[in-house]
Amino acid sequence: MTIRFVLLVNKQGQTRLAQYYEYLTIEERRALEGEIVRKCLARPDNQCSFVEHRNYKVIYRRYASLFFLVGVDGEENELAILEFIHCVVETMDRYFGNVCELDIMFHLEKAHFMLEEMVMNGCVVETNKQNILHPIQLMDKTT
Amino acid sequence: MESWANVIMKKAFKHGSQNTIDQLKTIGRELSMGTQGNWLSSKEYLDLVKAIGEAKSKAEEESIVMAEIEHLKKRIMEPDVPRKKMKEYIIRLVYVEMLGHDASFGYIYAVKMTHDDNLLCKRSGYLATTLFLNEDHDLIILIVNTIQKDLKSDNYLVVCAALTAVCKLINEETIPAVLPQVVDLLGHPKEQVRKKAVMALHRFQQRSPSSMSHLLTKFRQILCDKDPSVMSAALCALFDLVSADVKGFKNLTASFVSILKQVAEHRLPRAYDYHRTPAPFIQIKLLKILALLGAGDKHASENMYSVLMDVIKRNEPGKGDPGSNITNAILYECICTITAIMANSKLLGLAAEITSRFLKSDSHNYKYMGIDALGRVIEINPDFAEEHQLSVIDCLEDQDDTLKRKTLDLLYKMTKSSNVEVIVDRMISYMRTLSDAHNKTEIATRIIELTERFAPSNQWFIQTMNQVFELAGDLVPVKVAHDLMRLLSKGAGEDDEEADSLLRSSAVESYLQLLAEPKLPSILLQVACWVLGEYGTVDGTHSADDIIGKLCDVAEAHPGDNVVKGYAITAITKICAFEIGAGREVELIPECRSFVDDLLASHSTDLQQRAYELQVFFGLGADLVRKVLPVNGSGEEIEFDRELPFLQEFVDSALANGARPYLDENERLGVDSGMSSFVSSSRSHHEPSHGLRFEAYETPTAAIPSGSAAAPSSLLPDFEESVTELTRSVRNQTDSSQVDLLGPEVARLRLDGVQRKWGRTSGSSQPSLAPTPASEQQRRDSGVSEGASSNKESSPAEPRHEIYSSSFEGKKVEREIPAEKQRLAASLFGGSSVQKGSSGGVKGGVKASKAAGNVRPGEKGVPPRPAAGSGKKKNWSAAEPKQASSSLMDLVDMSGDDSLPVHDAKASYDPFKELEGLLGVPSTAASSTSVGLGKSTMDFMSLYDSAPVVSQSASSLAGDSDVLSLSHRRSGGMDGANGVEGGLIDLNILPSLSPLAGLGELAQSSSSLSPSTGVSDKKGPSRQHSLQKDAASRQVGVTPTGANPALFQDLFG
């Protein structure tokens, strides 16, 4: 029950953030992202937010022009991951204020820091927004 | 500055066009850049990000990134790059890699940056390093030192950054370098540090459990940490530990239960809430652990009952409320736990209830979860599937590929011999739609497994396998093809030669037909060639020339495929041999002549040899050929004499000349220690060895025995003298064409097991081969239930049939359009009745073909499920009396009168009215599954009325606004379903409305009309039974299509 990767992709299929919790070569990542994005973006809104791809199960959610995709393995609670995505977005929203694609692009490292706080070793470790943002805000203050 | 930008943006939102909004927003973002990072990013960086963001195509993006790489390569190497600038370069490198290009030229700078004193730089450095490097990269060794230093830092944020990097970069070899420090950090005053230290240990545990074995108690201690986030981190590690060793953690059950209780009771600070649900992710993790601990452990399970009840109660939405995603996620996890542990009937009842709610939801997400949950619930109570058959069929036929696949998974789990044909049929048609190899392989494997386990007849098995070969082609393991050939050669495992030869003839026909297709996968051609060679001419319908011609065509059409050619030439050899053996003159057709000539000069020695063997046969006498290649000889066992007595003379003379006597392996090991090391080392040569060899090599003198090993070459003349021996080897050769390919592991493949499986069912299934393919086809087309009505055995039902058709002649048109869905449901789930019907059908076929009809009754007629279900059902009946009362199973017995109170009250009505009542019900059931058809269900309209059926799903996905709206919207769907759901629940409460319940009465009333005899025995294939079967099949046919409810209403209203 682990998260294998978190991907942010816009609706043109361009990657905006990628975090893998297992090592894949650049070529493998490219291929995987291409295939998954093609699959997910082609699905109408009313179909379910889960897609099986190879040995991954991908749970995705769309926010305006951005797709959040989370790849998991086997026995994962899909609904919980769906809400985890929302929790990520809420956290980013609290930090950036009305987060948008450009925020994530300009502050790529910040978005990564938040994910680092929330997911470790492929497990969801933190969903308490105070706990997630506190170290990042402290860092902003000191530097 | 930021607020100013926001003001502009907000104004722009109100007044401006989309274009100006975008422009202003970009300006606003750029202006606000600095305020959050405190560092104003350079113009260059902003331009790059903007260019990437505005790239309209992949090609444009590519060219931007390529230019960026060139730029960075130059700039990053300049001396004295200021740290701000360097940090920016590193992030730009991250962009380069993220967009799929190699940035390895800059890795070293990322590693360097981890040394930086500035926290932001350090953390960015660590981040880039974890993104760039895997744990086995050469640069890792450079970073370990930095990590060690940072773990000692006074600044806890630095420690946190280092621990985060530890989780991704430390490999097995470097664990000892940081382990003591990480363990020390478990006692750090800051909870963030403790949390990350736990996760670092979790990572070490995953990488190298052995180095952690002395630290397991640490995890238990951390579970009691006063900070919830540290405790929840410990849960991640404990989940892994518990799944590896359940017994060792049983004593923690009570702790987990009490933690879950406290979390559920909202004892954690509000900051841990997610949408007012207390720490849902912690709850889910705890539920997963409890599932592991309670599995197969009554005592542990009992401790969980109350907390599970509590969690469900707290998350269960009010009536009509679909609940939120997160509460439903917890509820789903509860179902998983309940079905994993030894739950009581009350919990199982709740699990079933929640599953029902999911399945009836409009949201595909909930349906998906429902299908998954259903798969879990029916493992405990198989009967539960019946209640939801229509929902399952809906999901199976949905456009949504994910849902369809999930449903096929479910069907795969519930396949049994009674529904295997329908399910495999579905899987095959799904496979037709697939294009990628991964999915195809997966589903082909499943089809093969199901077919091997449950095949009702050998003929069906062969046809299914052919389809699989055709669709999945070379993705199918060769073994499957060999199994199929073996099945054909050995027959059904019982001494019924007639059936076997029928099977073979039909196989020949089907392959001749198949070969007409233009493009076939190699594996299918191999099987086809083998079958044609072995049995093509056996039954006399096809002449040898015909078959040989076909085989030549196959070989010609696949010039590059040596395996197929090999199969073809061997098949031709066999056919020629059969002809010669039968004393007929064989003249190869010119086509074949040239084919053989080709092969005689082939580059492949294998093909050459096969061609030469064919030639040898033309010079041999009929008697000899008959011995070498007997007709239908592939099934016979070939015995080997391992003692090789005919070599005794040679051995004796060799010994007399001073050769060393032969010792077998064991003796050699025991006698000669030097030899044993030789043996072991030579063995380690064969297997991939990792370690170094420390023993010296054997001295070359040991090779002397090999002189005698070379001797067999002089033996060959002896072999050749005896023609029988030679031809015997030919025989082996032809046989090896099927077996050799398997390789050595063939010995442990469970071919015999497969045979046995077929053998078990063959008692009743084998004779059912007798019907012609046409009737077989018909049976499959019309669904299994149809078999019951065409069944001669159910003759008592015949009068019923007449009454039925005469009184409803006018409405026959209606009936001609059977609800495909219901039929499918019946054949899949078999409702117990239909299942009986179907098995009756099979049995009927059996009896028809076996005129004697002395088939053991009940062997197939009583499917295993009711027996298995009744044992487990005890658990359930208490929780779900309603369900039980409407269950067909009780009806079949007809003994439990009290289970049908409503019907007994109406028992005096005439059958016509009964039918009306019966028919009325399915219409409501059918329409209630599709929301749009509310009109036809007059009586239930009130239920729909009360619910506002407003589709919110459309609104939940906001338009193209760039700003993410976060109004806590739900992912839609379920809200709209409220009313309908309520309606459905109410429907289920009325037992008299159960469409299945109505059947019993129909059957009962009709039985009084039927003139036939028969002592009504409750268990055997009684009159009543067949009536019910018939009624069931009628009912299935009669149900109106959902597409035309109004018409139905008019006719029957």
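Per chain, residues are indexed from 1 in the order of the written sequence. Throughout, the order in which chains and ligands are written sets their labels, letters from A for the former and numbers from 1 for the latter. Since the coordinates come from a predicted model, pLDDT governs what is reported: local features require at least 70, and pairs of side-chain atoms require 80 or more to be given and counted, while whole-chain, interface and lining totals use all residues. For the side-chain quantities, the full set of heavy atoms in the structure was used; hydrogens and water were omitted.

The name given to chain B in an unreviewed UniProt entry is Clathrin/coatomer adaptor adaptin-like N-terminal domain-containing protein, and the organism recorded there is Physcomitrium patens. UniProt positions are given in the numbering used here, feature names are shortened, and annotations may be inferred rather than shown by experiment. The UniProt entry for chain B carries this comment under Subcellular location (unreviewed entry): "Endomembrane system".

By the naming in an unreviewed UniProt entry, chain A goes by AP complex subunit sigma and is assigned to Physcomitrium patens. Within the UniProt record for chain A, the comment given under Sequence similarities (unreviewed entry) is "Belongs to the adaptor complexes small subunit family." As stated in UniProt under Subcellular location (unreviewed entry), the record for chain A gives "Endomembrane system".

Trainee: Which parts of the structure should I look at to understand the overall build of chain B?
Mentor: Comment: elements are numbered from the N terminus, with helices defined as DSSP H or I runs of at least four residues and strands as E runs of at least two. Helix and strand counts for chain B stand at 57 helices and zero strands. In chain B, the proportion of contacts linking residues at least 24 apart, taken out of those at least 6 apart, comes to 70%. Where accessible areas are quoted, they stem from the Shrake-Rupley method and a 1.4 Å probe; at the residue level, only the protein chains shown are allowed to cover. Just so you have it, chain B exposes about 48200 Å², and 54% of that area is on carbon and sulfur atoms. In what follows, residue pairs with any heavy atoms lying within 4.5 Å of each other are defined as contacts.

Trainee: Can you walk me through the overall build of chain A in this structure?
Mentor: Across its full length, chain A carries five helices and seven strands. Helices and strands appear in chain A in the N-to-C order β-β-α-β-β-β-α-α-α-β-β-α. Within chain A, residue pairs in contact and separated by at least 24 positions form 49% of the contacts whose partners lie at least 6 positions apart. For chain A, the accessible surface area stands at approximately 4100 Å², while carbon and sulfur atoms represent 47% of it.

Trainee: Any chance you could explain helix α28 (residues 522-535) of chain B here in plain terms?
Mentor: Residues that lie three or four places apart on an α-helix share one face, since the helix turns once every 3.6 residues. Multiply 1.5 Å by the residue count of a helix minus one, and that product is the helix's expected span. When the terminal C-alpha atoms of α28(B) are compared, their 20 Å separation across 14 residues agrees well with the 20 Å that a helix rising 1.5 Å per residue should span. Only protein chains enter the accessibility calculation, which uses a 1.4 Å probe; a residue is then buried when its area is under 20% of its type maximum, exposed when over 50%, and partly exposed in between. Extensive coverage of α28(B) is indicated by the burial of 14 of its 14 residues.

Trainee: I would appreciate a short explanation of a nonpolar patch on the surface in the present structure.
Mentor: Residues and elements named next belong to chain B. Side chains of Ile108, Ile141 and Leu142 sit close together on the surface and give an oily, nonpolar patch of about 280 Å² of accessible area. Following the sequence through the fold, Ile141 ends up in helix α8 (residues 140-151). Under the relative-accessibility criterion, Ile141 is labelled exposed at 61%. Patches in this entry comprise residues that are over 30% relatively accessible and not in a salt bridge; like charges within 9 Å are linked, as are nonpolar side chains (Val, Leu, Ile, Met, Phe, Trp, Tyr) within 5 Å. Should a side-chain nitrogen of Lys or Arg be within 4 Å of a carboxyl oxygen of Asp or Glu, the pair is scored as a salt bridge.

Trainee: Got a minute to help me understand the packing of helix α14 (residues 253-264) of chain B against helix α15 (residues 280-294) of chain B in this structure?
Mentor: Each pair of packed helices can be described by the angle between their axes along with the distance between the axes. Residue and element names in this part refer to chain B. Interhelical geometry of α14 versus α15 gives an angle of 150° and a closest axis separation of 10 Å. One element, α14, and the other, α15, form an angle in the roughly antiparallel class. Read as a crossing pair, α14 and α15 show a hand that is left-handed. Residues Thr253, Phe256, Val257, Ile259, Leu260, Val263 and Ala264 of α14 lie in contact with α15, whose contacting residues are Ile282, Gln283, Leu286, Leu287, Ile289, Leu290 and Leu293. Helix axes use the C-alpha atoms of the stretch in contact, all axes being lines fitted to C-alpha atoms, and the angles between their N-to-C directions lie in the range 0 to 180 degrees. Reported orientations rely on four angle classes, namely roughly parallel under 35 degrees, roughly antiparallel over 145, roughly perpendicular from 65 to 115, and oblique for the rest. Handedness of a helix crossing follows the sense of rotation of the near helix relative to the far helix, less than a right angle counterclockwise being left-handed and clockwise being right-handed.

Trainee: Honestly, the pairing of strand β4 (residues 56-63) of chain A in this entry has me stumped. Any pointers?
Mentor: Regular strands show a simple pattern: their side chains alternate between the two faces of the sheet. Residue and element names in this part refer to chain A. β4 sits mainly inside the fold: seven of its eight residues count as buried. For two strands to pair, DSSP has to find at least two bridges joining them. Alignment of strand β3 (residues 50-53) against β4, held across four bridges, turns out to be antiparallel. Bridge pairing in β4 links His53 to Tyr56. What sits between the antiparallel neighbours β3 and β4 is a turn of two residues, in which Arg54 has the positive phi angle 45°. Where β4 folds back on strand β5 (residues 66-72), the antiparallel hairpin that results is connected by two residues, among which Ala64 adopts a positive phi of roughly 50°.

Trainee: Help me understand the nonpolar core in this model?
Mentor: Looking at soluble globular proteins, one finds that nonpolar side chains tend to be buried together. Counting 300 residues, the largest nonpolar core has A:Ile3, B:Tyr95, B:Phe204, B:Phe256, B:Phe469 and B:Tyr511 as the members making the most contacts within it. Apart from the residues lying within four places of it in its own chain, the contact partners of B:Tyr95 are A:Met105, A:Phe106, A:Leu108, B:Tyr45, B:Val49 and B:Ile52. Take the buried residues of types Ala, Val, Leu, Ile, Met, Phe, Trp, Tyr and Cys, join any two whose side-chain atoms come within 4.5 Å, and each joined set is a nonpolar core.

Trainee: So what exactly am I meant to see when it comes to the packing of aromatic side chains here?
Mentor: The relation between two aromatic rings is expressed through the spacing of the ring centres and the mutual angle of the planes. Note on aromatic contacts: the rings of Phe and Tyr and the six-membered ring of Trp form a pair at centre separations within 6.5 Å, being stacked when their planes are under 30 degrees apart, edge-to-face when over 60 apart, and tilted otherwise. In total, this model carries ten aromatic pairs over all chains according to the counting rule given. Relative to A:Phe96, the ring of A:Tyr95 lies with its centre 5.0 Å away and its plane at 85°, an arrangement referred to as edge-to-face. Pair check on accessibility: A:Tyr95 and A:Phe96 agree, each one buried. Centroid distance B:Phe358 to B:Tyr366: 5.8 Å. Interplanar angle 20°. Geometry classified as stacked. When sorted by exposure, B:Phe358 lands in the same class as B:Tyr366, which is buried. Taken together, the ring pairs in this structure connect A:Phe5, A:Tyr20 and A:Tyr56 into an aromatic cluster. Sitting above the plane of the B:Tyr412 ring, B:Arg446 keeps its charged end 4.2 Å from the centroid. In this analysis the charged atom, NZ for Lys or CZ for Arg, is taken to sit over a ring once it is within 6 Å of the ring centre and within 35 degrees of the ring normal.

Trainee: How do you make sense of the pattern of salt bridges when you look at a structure like this?
Mentor: Working definition: two side chains of opposite charge can pair if their charged atoms are close together. What the rule picks out here adds up to 49 salt bridges over all chains. A salt bridge links B:Arg376 to A:Glu75; its shortest N-O distance comes to 3.4 Å. Of the two residues, B:Arg376 is situated in helix α19 (residues 364-380) and A:Glu75 in the loop between β5 and α2 (78-96); the pairing between them involves two chains. Note that A:Glu109 and B:Lys87 form a salt bridge whose closest N and O atoms lie 2.9 Å from each other. Here the residue A:Glu109 occupies a position in helix α4 (residues 108-118), and B:Lys87 occupies one in helix α5 (residues 83-98), the pair thus bridging two chains. Per residue, the accessibility class of A:Glu109 equals that of B:Lys87, and both read buried. Connected via shared salt-bridge partners are B:Glu44, B:Glu68, B:Arg75, B:Glu78, B:Lys85, B:Glu88 and B:Arg92.

Trainee: Got a minute to help me understand the sheet that holds strand β2 (residues 15-20) of chain A in this structure?
Mentor: By way of backbone hydrogen bonds, the strands of a sheet pair with one another, either parallel or antiparallel. All names here are of chain A. The strand order β2-β1-β5-β4-β3 describes an open sheet built from five strands, whose pairing is antiparallel. The open sheet has two edge strands with one neighbour each: β2 and β3. Sheet twist, expressed as the average angle between the axes of neighbouring strands with direction ignored, equals 20°. Looking at chain direction, strand β1 (residues 3-10) and β5 are connected through seven bridges and run antiparallel. By the bridge assignment for β5, Leu7 is matched with Leu69.

Trainee: What exactly am I supposed to notice about the confidence of the model for chain B here?
Mentor: All names here are of chain B. Model confidence for chain B is summarised by a mean pLDDT of 71, while 59% of its residues fall at 70 or above. Here residues 673-689 scores under 50 on pLDDT; set against residues more than four positions off or in separate chains, the count is 15 contacts. Taken as a whole, residues 831-1022 scores under 50 in pLDDT and shows 262 contacts with residues more than four places along the chain or in a different chain. Per the prediction output, this complex has pTM 0.64; the corresponding ipTM is 0.97. Residue-level confidence of the predictor, termed pLDDT, takes values from 0 up to 100.

Trainee: Teacher, can you tell me more about the interface of chain B and chain A here?
Mentor: The figure often quoted for interface size is the accessible area lost as the parts come together. On the chain A side, the residues contacting the 96 residues of chain B number 83 residues. Put simply, buried area is the surface a 1.4 Å probe can reach on two separate parts but cannot reach once they are joined, added for both. Carbon and sulfur atoms supply 56% of the area that chain B and chain A bury against each other, a total of about 8200 Å² over both sides. Counting the contacts that link chain B with chain A gives nine salt bridges. Where A:Glu117 meets B:Arg123, a salt bridge forms, and the shortest distance between an N and an O atom there is 3.1 Å.

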